[in-house]
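Notes for the structure review
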Amino acid sequence: MEPILAILVGALFTVAIYLFLSKHVIRILMGAAILGNAVNLLIFTAGRVTREVPPIIPGDADALTGAAANPLPQALILTAIVISFSFFAFLLVLGYRAFQELETDSSDDMRVAEPVGDKSPPAGY
Amino acid sequence: MRTVIFRSIAPYLTSLMVLFSIFVLLRGHNEPGGGFIGGLIAASALAIYGIACGVAPVRRAIYFHPMAIAAFGLFMSAMAGVLSIFAGVPYMSGLWIYPHLFGVEIPLSSVLVFDVGVYLVVVGAISSIALALEERDRD
Amino acid sequence: MSASAPGTTFIVLMLPFLAALIAPWLTRRLGHNAAWLLALAPVAIFIHFLGFSADVADGGVVTGGFQWVPSYNVSFSWLIDGLSLTFALLISGIGALIILYSGGYLKGHDQLGRFFSFMLLFMGAMLGVVISDSFLMLFVYWELTSITSFLLIGFDHAREASRRAAIQALVVTGGGGLALLAGLLVIWNITGVSQVSLLLNYGDELRGSPFYLLALLLVLGGAFSKSAQFPLHFWLPNAMEAPTPVSAYLHSATMVKAGVYLLMRLNPVLGDTVWWGTILPVFGGTTLIVGTALAIRQTDLKLMLAYTTVSSLGLLVMLTGFGSEHAIAAAVLYLVAHSLFKGGLFMVAGLIDHEAGTRDVTRLGGLRRAMPVTFVAALAAAISMAGLPPFLGFLAKEEIYYALWHTDPWSLAFVAVAVIGNGLMFVIGFAVALKPFLGPEVKTPKHAHEGPVLLWLGPLTLGIAALVAALISPVTHRFISSPMASAIAGEAETVTISVIPHMGPALILSLVTIAFGIIAYRMLDRLRAGMAWLLAAIGWGPDRGFDQFISGAVRLSVAVTRLVQPGRLDIYMTVTFLMIAAALIGPMAWYGEWPAMPVWPEDAQFHELVVAAIVLIGLAAVIYARDRLTAIVSLGIQGFAVALIFMLFGAPDLSFTQFMVETLAVVILALVMTRLKLHASDHRPTLQKVVDMSVAIACGGGFTLYLLSVTQQPFNTALSDFFSAYSKVVAHGANVVNVIIVDFRGTDTLGEIAVVMVTGLAILSLIRIRTPRATVADNDPDRRAAQGPAQGREVR
């Protein structure tokens, strides 16, 4: 099953990056949301996939039985999902506020930090 | 969004979801679940309530500022690790006690305290985001 | 070698730094009188090092120190032999006088405490340079002298000239320090030793190495920049912007001699080669002539002295380059004499400036009655500088001529250089010491009278020291000159010259020098006019070159910044993702380790393929969505499909979390997006579209290849096995994922929930804080031009 997931991961990355390269803030935001999924699925697949048996130790055993899924990537991804959501929300609000202040959603027009025709630093000491 | 039906069932839906979230939180150590999932469920519950009935009732209902809840959760998680000082073991070592209440053995642990802290942080932070965004909707 | 009381020496080395720490506090309490207490630090150092002199005079070498980074063979260690002892005594002895002098000179200055602090810091650094045994310690102290000198030159930072001089000194000497570091590393690499005391055994190995020239040039880069050799001399006169105590201490007696010290220190291992014997005398001789010629041109007392300092340093480098027994003895004597007389003259210049209000030699005259003590001190220093008996300068000059006098053309050329140089220094010395004091009284900006004891104590003491050292020359030679010359030569040497002149070529050359000096002194005004004309005719100098260099560097960095930071987000993104694609695909292509062609997984089940297809459909819909709602829903669809994938492959926890997160994401996206005025679709020009697509596909394909390659490797389950085995037994939890999160990796999770919380706070503040519209507009020239400060119009 890994090859199919690998192709899926590639597709997720491709779309996320294509959206990232847009000039519109909202597209970049969507790219960020997809990028999170892409990375999570990448980690998940790299830890190998097993069908349907969650990494939960049965009542009478002391350790996982052979067929169970790999718990480590899951633990990594679980927190990553929540954090990437927080960041998505942050970016969303940031983009929204930028839109309010600058009245544009195009990254080309957002030049407050690096204005067009910025003056050279002063000569002298 | 704010239909009569939605508004009527929202409080019950929310209470059920919050209850369910606590259930998910507590069973997390042995079954699927845990602080992150529980917290997200509870945060969604509050978000739904907010969409249905407005933000002010939600804020009244949870009494504390959501960020304060999150901060308390973070403090609780950090302190759960500090407990291990008293047992003389490294920071964040899990400690377990098994008190008998009404003849039932209840496993309590610093790990559980930690997980509850995680739950509170997620509830507090995410619902404060959601509520803040919903609030902006109306001014 | 003998090791003695490492603890005491360490404390003594740290003493100036401690004194620097308490200096501001002390100065607040006691005002300028704090100088008396602070001077105790250098006095204690002086006494401590004096204790070594008997031992060192008998040929002893004292080493000591501590291991610092033993694995790299780096230590904090010191080496006290004739060379470093003499330097240490000069630094601490003159240092004590300078601290006192500073107290008088900057009396009442509100930054006096800071000044004391910097001075003492410098003293500690300089002491470290001359006492260091380990290379790295030497380098650290070396750069510390550059930094403290930067602080001192820029002490009066409100003036641009002062800032410029400070930056110039830092760039030149600090840059030279880097060259020195490189040179020391090369030497370390060749010989394998990182300590000066051990290095002395490796001279032949070093001279025979193919990297000898490289090491030599790098070390010379450090030494020449610090000791202001032509054409890097320009920073030293500019450093006269500093308050006079700084000039007297750093730029005559100590710091500028660090380069000479380094050359003398490395003479036994790097010297005695054709390169050494050519480069040093040529540069030194040139510096000598250029320095004196430029000094003639000046009318400012401090600048006259500064340029003669340049030429004196040139003379020292020249003598070190010759490396013969007499040349070294001459260098030793001249170095000590120069520290004494030049420090004294600088203090006199400062004293005149302080009392008369000007230091322009053409506006001074007749001060001898008003300032008799100063006059005596100036006269003593000038006689020593001119090389007249019975001062130490005389001994030095006799020895110089004795060393240089050979009848081959090469030597005769340098004899001529030395005679002209010494003659002109004679002129400057007396111009500084006589012109302000003799002749008719000239009206000065301030009514001149004798300065306070703090101010004249220093120059007078130095003058007396130069006299006494010459009169009791056998003692001087036994404790100072001979041990120092031995350390420089790397073998035992004895200096014997005394104040009684010998008949011979040296005496004749002395007389020629004096005659030349007297003639030139009488023609000083004409010479000055001539030099001024000549310099105006040349027009360009290294000083202006420095300005051009700095402005060129600024222009270059502006151009580079404009190139790599055009301020367009999509360009940054394109570059970033291109790099990622290169990083993913590059190594595979380079090593030819492409993943094997994947085979269609036979066990893939229908519903799994359907879910995968839903992901793809959701993705396509996100790209092609024409309105907001479709875009949001499509985004949700791919998210839910990913959650399904987690569910199908044994990750219920992930699946639930993903479901909840996607739901919340869609909700808040909907909440925000309804208020954003969106472009219906993502318009990109065709070319842009092609470029973006290529980049995206290269990256995405790279990730696919990478993941295929990873999954085709054998899987190491060690970590997963560990968690599986201990989850229930140790941590009492059956859900391994949750146990990892809250127990095994609890600290990690603590950090992560802190991040969640901080983003929550950030979002709240973003929503709550209203930027005044004008602030944004102020920063944006376009907007400012286009419209006035419109009030916050609510955007749909």
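Residues numbered from 1 in each chain as written. Chains lettered and ligands numbered in written order. Predicted model: local features only at pLDDT ≥ 70, side-chain atom pairs only at ≥ 80, totals over all residues. Heavy atoms only, no water.

1. Some remarks on the overall build of chain A
Helix and strand content of chain A: three helices and zero strands. Secondary structure elements of chain A, listed N to C terminal, follow the sequence α-α-α. Its C-alpha atoms give chain A a radius of gyration of 22 Å, more than 25% over the compact-globule value 14 Å for 125 residues. Summarising its shape, the C-alpha atoms of chain A cover approximately 75 × 35 × 35 Å along the three principal directions. Each of the 125 residues in chain A was classed as buried or not, and the buried ones make up 65%. Here the contacts in chain A between residues at least 6 apart in sequence split such that 51% fall between residues at least 24 apart. For chain A, the separation between the mean place of its 7 positive charges and that of its 11 negative charges on side chains is 7 Å. (Helix = DSSP H or I, 4+ residues; strand = E, 2+ residues; numbered from the N terminus. Rg over C-alpha atoms; globule rule 2.2 N^0.38 Å. Buried < 20%, exposed > 50% of the residue type's maximum accessible area, 1.4 Å probe, protein only. Contact = heavy atoms within 4.5 Å. Lys, Arg positive; Asp, Glu negative; His and termini not counted. Charge placed at Lys NZ, Arg CZ, Asp CG, Glu CD.)

2. A closer look at the overall build of chain B
Tallying secondary structure elements over chain B gives six helices and four strands in all. Taking the principal axes of its C-alpha atoms as reference, chain B extends roughly 55 × 30 × 25 Å. Evaluated residue by residue, chain B yields a buried proportion of 49% over its 139 residues. Excluding contacts between residues fewer than 6 apart, the proportion of contacts in chain B whose partners are at least 24 apart in sequence is 65%. Here chain B contributes 7 positive and 7 negative side-chain charges, whose respective centroids are spaced 12 Å apart.

3. Structural notes on the environment of leucine 100 of chain C
All names here are of chain C. Its location among the elements puts leucine 100 in helix α5 (residues 82-105). Spatially, the C-alpha atom of leucine 100 lies 8.2 Å from that of leucine 457, the residues being 357 residues apart in sequence. Beyond its immediate stretch of four places on either side in the chain, leucine 100 contacts Ala35, Trp36, Ala39, Leu454 and Leu457.

4. Re the pattern of salt bridges
For the structure on display, the rule yields 16 salt bridges over all chains. When salt bridges that share partners are traced, they join Lys23 and Asp108 of chain A together with Arg568 and Asp570 of chain C into one network. (Salt bridge = Lys/Arg side-chain N within 4 Å of Asp/Glu carboxyl O.)

5. A few points about α5 of chain C
The end-to-end C-alpha distance of α5 of chain C is 33 Å, a good match for the 34 Å that 24 residues give at a rise of 1.5 Å each. Within α5 of chain C, 24 of the 24 residues are buried, which leaves the element mostly enclosed by the surrounding structure. (Expected span 1.5 Å × (residues − 1).)

6. A few points about the interface of chain C and chain A
On the chain A side, the residues contacting the 129 residues of chain C number 95 residues. Interface area for chain C against chain A, summed over the two sides, is near 10100 Å², with a carbon-plus-sulfur share of 70%. If you sort the residues of chain C by the area they bury against chain A, Phe649, Leu707 and Leu766 of chain C come out on top, with a joint share of 7%. On inspection of chain C and its partner chain A, the count reaches two salt bridges. A salt bridge links arginine 568 of chain C to aspartate 108 of chain A; the shortest N-O distance between them is 3.3 Å. Seen at the junction of chain C and chain A, the total is 15 residue pairs in polar contact (both at pLDDT 80 or more). Tallying contributions element by element places helix α30 (residues 686-711) of chain C first for the side of chain C that touches chain A, with 17 residues. Here the residues of the side of chain C that touches chain A sort into 75 nonpolar, 27 polar and 27 charged. (Buried area = accessible area lost by both parts, 1.4 Å probe. Polar contact = N/O pair within 3.5 Å; in protein donor to acceptor, adjacent residues only side chain to side chain. Nonpolar A, V, L, I, M, F, W, Y, C, P; charged D, E, K, R; others polar.)

7. Considerations on the nonpolar core
Most often, soluble globular proteins have nonpolar side chains that are buried together. Residues and elements named next belong to chain C. If you look at the biggest cluster of nonpolar residues, it comprises 202 residues, and the most contacted ones within it are Phe49, Trp235 and Leu270. With 20 residues, the top contributor of residues to this core is helix α17 (residues 325-356). Dropping the residues within four chain positions of it, phenylalanine 49 is found in contact with Val12, Ile80, Leu85, Ala88, Leu89, Leu127 and Ile131. (Core = buried A, V, L, I, M, F, W, Y, C linked by side-chain atoms within 4.5 Å.)

8. A word on the packing of α17 of chain C against helix α21 (residues 453-471) of chain C
Residue and element names in this part refer to chain C. Orientation of α17 relative to α21, taken along the N-to-C sense of each, is 155°, at an axis distance of 9 Å. As the angle between them shows, α17 and α21 are arranged roughly antiparallel. Crossing hand, α17 versus α21: left-handed. Every residue of α21 that contacts α17 at Leu340, Gly343, Gly344, Met347, Val348, Leu351, His354 and Glu355 is listed here: Leu455, Trp456, Gly458, Pro459, Leu462, Ala465 and Ala466. A class-by-class count of the residues in the contact of α17 with α21 yields ten nonpolar, four polar and one charged. (Axes fitted to C-alpha atoms, helices over the stretch in contact; angles between N-to-C directions. Parallel < 35°, antiparallel > 145°, perpendicular 65-115°, else oblique. Left-handed = near helix turned anticlockwise from the far one by under 90°.)

9. What about the interface of chain C and chain B?
The parts lose accessible area when they come together, and the size of an interface is often stated as this lost area. In this assembly, 38 residues from chain C lie in contact with 43 residues from chain B. Between chain C and chain B, the buried area comes to about 3600 Å², and carbon and sulfur atoms account for 73% of it. Linking chain C to chain B there are zero salt bridges. There are six residue pairs in polar contact (both at pLDDT 80 or more) connecting chain C and chain B. Elements that contribute at least two residues to the side of chain C that touches chain B include exactly α29 (652-673), α32 (736-744) and α33 (746-768) of chain C. Counting residues per element, the side of chain C that touches chain B draws most heavily on α33 of chain C, which supplies 14 residues. Residue composition of the side of chain C that touches chain B, grouped by class: 23 nonpolar, nine polar and six charged.

10. A word on the pairing of strand β1 (residues 62-69) of chain C
Residues and elements named next belong to chain C. Across seven bridges, β1 lies against strand β2 (residues 74-80) in antiparallel orientation. Looking at β2, one finds that glycine 64 is bridged to tryptophan 78. The antiparallel pairing of β1 with β2 creates a hairpin that spans four residues between the two strands, and asparagine 73 there sits at a positive phi of about 60°. (Pairing = 2+ DSSP bridges.)

11. Focus: the packing of aromatic side chains
Residues and elements named next belong to chain C. Within the structure shown, the criterion is met by 26 aromatic pairs over all chains. An aromatic cluster of at least three residues, connected via ring pairs, comprises Phe10, Phe66, Phe76 and Trp78. A cation sits over an aromatic face here: lysine 435 above tyrosine 521, 5.3 Å from the ring centre. Positioned above the aromatic ring of phenylalanine 479, the side-chain terminus of arginine 478 is 5.1 Å from the ring centre. (Phe/Tyr/Trp six-rings, centres within 6.5 Å; stacked < 30°, edge-to-face > 60°. Lys NZ or Arg CZ within 6 Å of the ring centre and 35° of its normal.)

12. Concerning the confidence of the model for chain A
On average, chain A scores 85 in pLDDT, and the residues at 70 or more come to 98%. The least confident element of chain A is helix α3 (residues 71-102) of chain A, whose mean pLDDT is 88; the most confident is helix α1 (residues 2-20) of chain A, at 92. (pLDDT = per-residue confidence, 0-100.)

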